[in-house]
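One letter stands for each residue in the lines below.
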Amino acid sequence: MNKQTKINIATATAILPLFALNLIYGAVSIPFNAVADIIFGNGSGQPAWDYIVLQARLPQAVTAILCGSSLAVSGLLLQTAFRNPLAGPSIFGINSGASLGAACVLLGMGGGLTLGSVTLTGFIAVIAASFAGAMAVMSLLLVFSRIVKNNVMLLIIGIMTGYVASSAIALLNFFSTEEGVHSYMVWGLGNFGGVTPAMLPAFTLVTIAGLTGALLLIKPLNTLLLGEQYAENLGVNTNKLRNKLLLITGLLTATATAFCGPIAFIGLAVPHVSRIMLNTDNHRQLIPSTIFTGAVVALACNAVCTLPGENGVIPLNAITPVLGAPVIIYVIMRRRQ
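Residues numbered from 1 in each chain as written. Predicted model: local features only at pLDDT ≥ 70, side-chain atom pairs only at ≥ 80, totals over all residues. Heavy atoms only, no water.

**Describing the nonpolar core**
- Membership of the largest hydrophobic core comes to 36 residues, with the highest contact counts inside it found for Leu77, Phe92 and Leu245.
- When residues in this core are grouped by element, the largest group, 6 residues, is from helix 11 (residues 238–260).
- Residues in contact with Leu245, not counting those within four places in the same chain, are Leu77, Ala81, Leu217 and Leu221.
- Listed in part, the 35 residues of the second largest apolar core include Ile38, Phe192, Ala256 and Leu316. (Core = buried A, V, L, I, M, F, W, Y, C linked by side-chain atoms within 4.5 Å. Buried < 20%, exposed > 50% of the residue type's maximum accessible area, 1.4 Å probe, protein only. Helix = DSSP H or I, 4+ residues; strand = E, 2+ residues; numbered from the N terminus. Contact = heavy atoms within 4.5 Å.)

**Some details on the packing of aromatic side chains**
- By the definition in use, this model includes 1 aromatic pair.
- Aromatic side chains Phe203 and Phe259 sit 5.0 Å apart centroid to centroid with 65° between the ring planes, which places their arrangement in the edge-to-face category. Of this pair, Phe203 sits in helix 8 (residues 200–215) while Phe259 sits in helix 11, and the two are 56 residues apart along the sequence. One exposure class covers both Phe203 and Phe259, and it is buried. (Phe/Tyr/Trp six-rings, centres within 6.5 Å; stacked < 30°, edge-to-face > 60°.)

**Concerning the side chain of Thr293**
- Tracing the chain through its elements places Thr293 in helix 13 (residues 283–305).
- You can call Thr293 buried: its relative accessible area is 5%.
- Of the polar contacts made by the side chain of Thr293, one reaches the backbone oxygen of Ser289; its length is 2.7 Å.
- With residues near it in sequence (within four places) discarded, Thr293 still touches Thr11, Val270, Val273, Ser274 and Met277. (Polar contact = N/O pair within 3.5 Å; in protein donor to acceptor, adjacent residues only side chain to side chain.)

**Notes on the packing of helix 3 (residues 47–81) against helix 8**
- Where helix 3 contacts helix 8, the axes come no closer than 10 Å and their chain directions differ by 25°. In terms of their interaxial angle, helix 3 and helix 8 are classed as roughly parallel. Crossing handedness for the pair helix 3 and helix 8: left-handed. Two secondary-structure elements touch here, helix 3 through Pro59, Val62, Thr63, Leu66, Cys67, Ser69, Ser70, Val73 and Leu77 and helix 8 through Leu200, Phe203, Thr204, Thr207, Leu211 and Ala214.
- Taken together, the residues of the contact of helix 3 with helix 8 break down into 10 nonpolar, 5 polar and no charged. (Axes fitted to C-alpha atoms, helices over the stretch in contact; angles between N-to-C directions. Parallel < 35°, antiparallel > 145°, perpendicular 65-115°, else oblique. Left-handed = near helix turned anticlockwise from the far one by under 90°. Nonpolar A, V, L, I, M, F, W, Y, C, P; charged D, E, K, R; others polar.)

**Comments concerning the pattern of salt bridges**
- In this structure the tally under the stated criterion is 1 salt bridge.
- One salt bridge connects Asp281 with Arg275, and the closest N-O pair in it is separated by 3.6 Å.
- Look at Asp281 and you get partly exposed, because its relative accessible area is 42%. (Salt bridge = Lys/Arg side-chain N within 4 Å of Asp/Glu carboxyl O.)

**Structural notes on helix 6 (residues 151–175)**
- Between its first and last C-alpha, helix 6 extends 37 Å over 25 residues, near the 36 Å set by a 1.5 Å rise per residue.
- Listing the buried residues of helix 6 in full gives Asn151, Leu154, Leu155, Ile157, Gly158, Thr161, Gly162, Ala165 and Ile169. (Expected span 1.5 Å × (residues − 1).)

**Points about helix 11**
- Along its 23 residues, helix 11 runs 32 Å from first to last C-alpha, staying within 8% of the 33 Å computed at 1.5 Å per residue.
- Across the 23 residues that make up helix 11, a large majority, 18, are buried.
- A side-chain oxygen of the first residue of helix 11 lies 3.2 Å from the backbone nitrogen of Lys240; this N-cap is Asn237.
- Of the residues one or two after helix 11, Gly261 is the one with positive phi, at around 90°.

**A closer look at the environment of Tyr25**
- Positionally, Tyr25 belongs in the loop between helix 1 (3–24) and helix 2 (32–39).
- With relative accessibility at 36%, the residue Tyr25 sits in the partly exposed group.
- Along the sequence, Tyr25 and Ala102 sit 77 residues apart, while their C-alpha atoms lie 30 Å from each other.

**Describing unusual backbone geometry**
- Phi is positive for Phe265, which is not a glycine, with a value near 75°.
- Among the structural elements, Phe265 can be located in the loop between helix 11 and helix 12 (266–278).

Listed below in structure tokens is the structure:
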């Protein structure tokens, strides 16, 4: 067993204690034995505790694992495809598209969304609108990718798309009500607790499909590390590969952002953490490591958010930059040296 495999096993093993910590610790204090009884179906004798663990903490912990993994893998794919260490899920404006969709509902439509004869309200409306906004931006990028063959130019188009979406959000904020601005601000802080048990199967299915698609691209991604011309000489269609990468990262980012809000830094920082730990660019080791590390980081951030206990919960996007920014600074200084 080589060093990289041992590190991946250790990282995957670290998920278990963090998952347990997310179930045990929170705003309401529940003993470990009671949590274990609830998870194994025996019940705690306290209906409120049963509800908190099964309906709130368990879905939230599973969501953190899936969301952290998907955002981290999205960042890795984009950094490899565009050979840019600062590429991340938000760089192409997909996060901004999701934010614009949510803003249209929360700021422009009073929290409701009407699709023909169907009317959606509350969190369901926000999810539907933000997912639609993210997929619209992704579709636009796929169209441009057929026209623009240069990766740098496509990167600039993605950034400009994000700026246009941000401008529209600013206008909606200016003309919105105080309640709408507050609701949008809360959504923008990020939260793993928005996925209910009823939504969890769909969220899980889409995320696993995206992660499976990323794993199937291991061989062409390793070839791409040698350069586009070399990859094309080996039979890799780089344009098709780029479109597949955009489709996978768009699907993963759109799903994560729609359900959990625009979460910062996980997609940008975690791939670098995996590279530093493994000291390799081989995606056969790097993609599994990034999946596990993304899950560990997301669970750790979610646990830190509950540190105030009964005094409330810290916003998720107030924690992720604290962990992610030092990693990016370290990477920049390392590359400079």
